[in-house]
Structure formats: C-alpha cells, structure tokens
Amino acid sequence: MDTIVVGYDASEAAERALARAADLAAGLSARLVVVSVSPSPLVPVMTPLPEPVDPMLVRGGVAGPVATGGTVPLPEPEPDRPPEPEELAQSVLEQARRVLTRRRVEAEYVAEVGAPAEWLLEIADEHDADLIVVGTREHGFVERLLARPVDEAVARKAARDVLLVH
C-alpha cells in the first residue's frame, strides 16, 4: 500500500479517521493525502431592481425633466464577513497538519471547494490511492432525506477500497 487518501473536516468522526489513516500510513510506510472540501457557496439570489420612474411625472403632476442616470449608493462592507470556502478548507487543513506534526508520516494536504464525496473520489483517482479513509457517524432521518452522507456516497461510488472509521 503506497497511498492513503483521508477526508478531513475537523469533526469528531474526521479526527478518528485521520488518526486511523495516520496509523496505517506509518505502519505501512505509505504516503497520506489529507483532503478538506468546503461546500460551494450558494449562488446569490438576484433581486429585481425597482421599476424606473418616469422622469416627467412627479406625484401625479407634470414637472420639468429630471436627471436620469443617478448613482446608487454602494453597500457598506461587512466588517465580519464570513470566510471564503477556500479559506475554510485551508484552516481545516491547518488543524490536520497540527495533529500530524506529532507523527512520523509523509503527508500532502489538498483543499478544494465543491461536493466532498466527488472530490475525495477524484483526488483518490489522481493519486492512484490504494485506500480511502472517511469517518462515519449515525445520520439522522432528515439528513438522509436531504442528501446522501459523504461516507455513504464514497463507499458506494469508489472503485477502490474504503475504510469507514466509527
């Protein structure tokens, strides 16, 4: 076994998966590829602009021409903007890097934005990984209705061995 890919999102399940993957990599002298995927931001909803006002009408009466092409005030910048998805993925990887510094494991860190299961499978293919390691936990009814959990999607779609760590 040469390469192990592990999905990491800083959850308790991911912490267990990272520890197990690191143990395996150390014991097998394998390279570890730690992958963090932040979900894509939602596409912003576009709100329609207000209807233009006829420049010749003012309160039901007729007036002289009104200058058109006025300026619209720019929105104030948000002082505490949420981090970008790329920044989130990188900060999660920093947590993984801190955990792995105490271990003698050769590791590569990959941050992506998008669907976590799809990226884990793609990165495993790119690195010709021998094993994909993901953490698992009990998924609630509503969570199962909304989307297939990452661990289940990886296990179902992978063309290579998958270790689900409980």
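Structure: see above.
Anyway, here's the lowdown on the structure attached to this text. This structure is a prediction, so every number in the text was calculated from the model and none was measured.

Looking at the overall build of the protein
Then, in step 1: Helix and strand content of the protein: 5 helices and 7 strands.
Then, in step 2: Here the protein, with 166 residues, has 30% of them falling under the buried criterion.
Then, in step 3: Sequence separation of 24 or more characterises 74% of the internal contacts of the protein that already satisfy a separation of 6 or more.
Then, in step 4: Counting every atom, the protein has about 11,400 Å² of accessible surface; 56% of that belongs to carbon and sulfur.

Description of the packing of helix 1 (residues 12-28) against helix 2 (residues 85-100)
Then, in step 1: Where helix 1 meets helix 2, the closest approach of the two axes is 11 Å, and the angle between their N-to-C directions is 45°. In terms of axis orientation, helix 1 runs oblique to helix 2. Crossing handedness for the pair helix 1 and helix 2: right-handed. Residues Glu15, Leu18 and Ala22 of helix 1 lie in contact with helix 2, whose contacting residues are Ala96, Val99 and Leu100.
Then, in step 2: For the contact of helix 1 with helix 2, the class distribution of residues is 5 nonpolar, no polar and 1 charged.

Quick word on the pattern of salt bridges
Then, in step 1: The tally for this structure, following the rule as stated, stands at 6 salt bridges.
Then, in step 2: Salt-bridge contacts for lysine 157 lead to glutamate 118; the nearest nitrogen and oxygen are separated by 2.7 Å. Of this pair, lysine 157 sits in helix 5 (residues 150-157) while glutamate 118 is found in helix 3 (residues 116-126), placing the two residues 39 residues apart along the sequence.
Then, in step 3: Classification of lysine 157 by relative accessible area gives partly exposed; the value is 47%.
Then, in step 4: Look at glutamate 118 and you get partly exposed, because its relative accessible area is 39%.
Then, in step 5: Taken together, the shared-partner salt bridges in this structure form one network comprising Asp125, Asp128 and Arg160.

A short note on the nonpolar core
Then, in step 1: Membership of the largest hydrophobic core comes to 20 residues, with the highest contact counts inside it found for Ile4, Val6, Tyr8, Leu18, Leu32, Val34 and Val133.
Then, in step 2: With 6 residues, the top contributor of residues to this core is helix 1.
Then, in step 3: Among residues more than four places away in sequence, those in contact with leucine 18 are Val6, Tyr8, Leu32, Val34, Ala96, Val99 and Leu100.
Then, in step 4: Core analysis: the second largest hydrophobic core is formed by 16 residues, Val5, Val35, Val110 and Ala117 among them.

Here's the deal with the pairing of strand 1 (residues 3-7)
Then, in step 1: For strand 1, the buried fraction is high: 5 of the 5 residues fall into the buried class.
Then, in step 2: Of the pairings in the sheet, the one linking strand 1 to strand 2 (residues 31-38) comprises 5 bridges and is parallel in character. Counterpart to valine 6 in the pairing with strand 2 is valine 34.
Then, in step 3: Crossover strand 1 to strand 2 through helix 1 is right-handed.

Description of the environment of glutamate 12
Then, in step 1: Here glutamate 12 shows up in helix 1.
Then, in step 2: Taking the C-alpha atoms as reference points, glutamate 12 and glycine 135, 123 residues apart in sequence, are found 8.2 Å from one another.

Scoring rules and cut-offs
- Residues numbered from 1 in each chain as written.
- Predicted model: local features only at pLDDT ≥ 70, side-chain atom pairs only at ≥ 80, totals over all residues.
- Heavy atoms only, no water.
- Helix = DSSP H or I, 4+ residues; strand = E, 2+ residues; numbered from the N terminus.
- Buried < 20%, exposed > 50% of the residue type's maximum accessible area, 1.4 Å probe, protein only.
- Contact = heavy atoms within 4.5 Å.
- Areas by Shrake-Rupley, 256 points an atom, 1.4 Å probe, with all protein chains shown as cover.
- Axes fitted to C-alpha atoms, helices over the stretch in contact; angles between N-to-C directions.
- Parallel < 35°, antiparallel > 145°, perpendicular 65-115°, else oblique.
- Left-handed = near helix turned anticlockwise from the far one by under 90°.
- Nonpolar A, V, L, I, M, F, W, Y, C, P; charged D, E, K, R; others polar.
- Salt bridge = Lys/Arg side-chain N within 4 Å of Asp/Glu carboxyl O.
- Core = buried A, V, L, I, M, F, W, Y, C linked by side-chain atoms within 4.5 Å.
- Pairing = 2+ DSSP bridges.
- Right-handed = clockwise from strand over helix to strand, strands pointing away.

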